[in-house]
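Chains, contacts and geometry: an overview
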Amino acid sequence: MKVIWDSQNQEPLYTLDETALHAVVRRRNQEFQRCAACRYAAEIGIGLACGVLMFVCAGVFAFGDAAWLATLPWPKVAVSHWDAVALFTAAGIWFYFAAYMRGARRRQSSRGEEFAPTMRGDIDRALAQVGFQIRVAEGILWRGFVPVWVAAALWVAVVFRLTDAPAWTYVFMASTMAGALVTTVSGQQRRISERYQPHQRELESLRRKLLDPQP
């Protein structure tokens, strides 16, 4: 930021520069919040959709007529109550994931309410939000990805058992799911290091310049 000093009252005249910079900060904040909102919406939607699907299947297995279930084309073996228990558990995990991401979204949104509508306030708001996003991204492994992986494993195990899949397909699917989990975790770490942390450093640098402007 370039600061120009008034020759009469020795006050910094950076209104135009600050106004333009403030507009840039607000636009970047809006883009960041919009991307975060879309990501949260997608994750919440996936959690709810998978939870409903597994809950409905579990309900059919638990309360459906055994004779009618025997007429279905795809189960090659008889449905057991453990299949229903596994799917109810998987559905609960998916609903938990959707609720967790919904709570994270609400907490992220509330972090902008206590800051003033000034450039300093917008920068502090953006720092609070990106810091929160980093903490969510770091903590979502055990609170989100691992539970979802368990839910998906339960679903696959039930489907494979009911279709009487050969043993090697279990090994193949377990390896595939393990690879998917590693890829997801690596992608999350890249998001932190390549997106969130550079944005955080940029905001911190701008905040320092506002606190100690050099003429």
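Heads up: these notes are all about the structure in this document. Quick caveat: nothing in here was measured; it's all calculated off a predicted structure.

To continue, consider the packing of aromatic side chains. One pass over the full model with this rule turns up five aromatic pairs. With centroids separated by 5.4 Å and ring planes inclined at 85°, the aromatic side chains of Phe160 and Tyr170 adopt a geometry described as edge-to-face. Residue Phe160 is found in helix 4 (residues 119–162), and its partner Tyr170 is found in helix 5 (residues 167–211); the two are separated by 10 residues along the sequence. We classify Tyr170 as partly exposed; its relative accessible area is 35%.

Moving on, we come to the side chain of Asp122. As for its placement among the helices and strands, Asp122 is situated in helix 4. Judged by relative accessible area, Asp122 falls into the buried class, the value being 5%. Among all residues touching Asp122, those that are not within four sequence positions of it are His22, Val25, Arg26, Asn29 and Ala116.

Let's shift gears to the nonpolar core. If you look at the biggest cluster of nonpolar residues, it comprises 20 residues, and the most contacted ones within it are Tyr40, Trp94 and Met101. For this core, the secondary structure elements donating two or more residues are helix 1 (15–63), helix 3 (81–110) and helix 4. Among the elements that take part in this core, helix 3 stands out by supplying nine residues, more than any other. Formed by 13 residues, the second largest nonpolar core is a distinct cluster that contains Met119, Leu127, Val130 and Tyr196.

To continue, consider the environment of Trp94. Of note, Trp94 is situated in helix 3. Under the relative-accessibility criterion, Trp94 is labelled buried at 8%. In sequence terms Trp94 and Gly47 are 47 residues apart; their C-alpha atoms lie 4.9 Å from each other. When sequence neighbours within four positions are dropped, the list of residues in contact with Trp94 reads Ile46, Gly47, Cys50, Gly51, Met54, Val148 and Ala151.

Rules of the game
- Residues numbered from 1 in each chain as written.
- Predicted model: local features only at pLDDT ≥ 70, side-chain atom pairs only at ≥ 80, totals over all residues.
- Heavy atoms only, no water.
- Phe/Tyr/Trp six-rings, centres within 6.5 Å; stacked < 30°, edge-to-face > 60°.
- Helix = DSSP H or I, 4+ residues; strand = E, 2+ residues; numbered from the N terminus.
- Buried < 20%, exposed > 50% of the residue type's maximum accessible area, 1.4 Å probe, protein only.
- Contact = heavy atoms within 4.5 Å.
- Core = buried A, V, L, I, M, F, W, Y, C linked by side-chain atoms within 4.5 Å.

So yeah, pure geometry; function would need other evidence.
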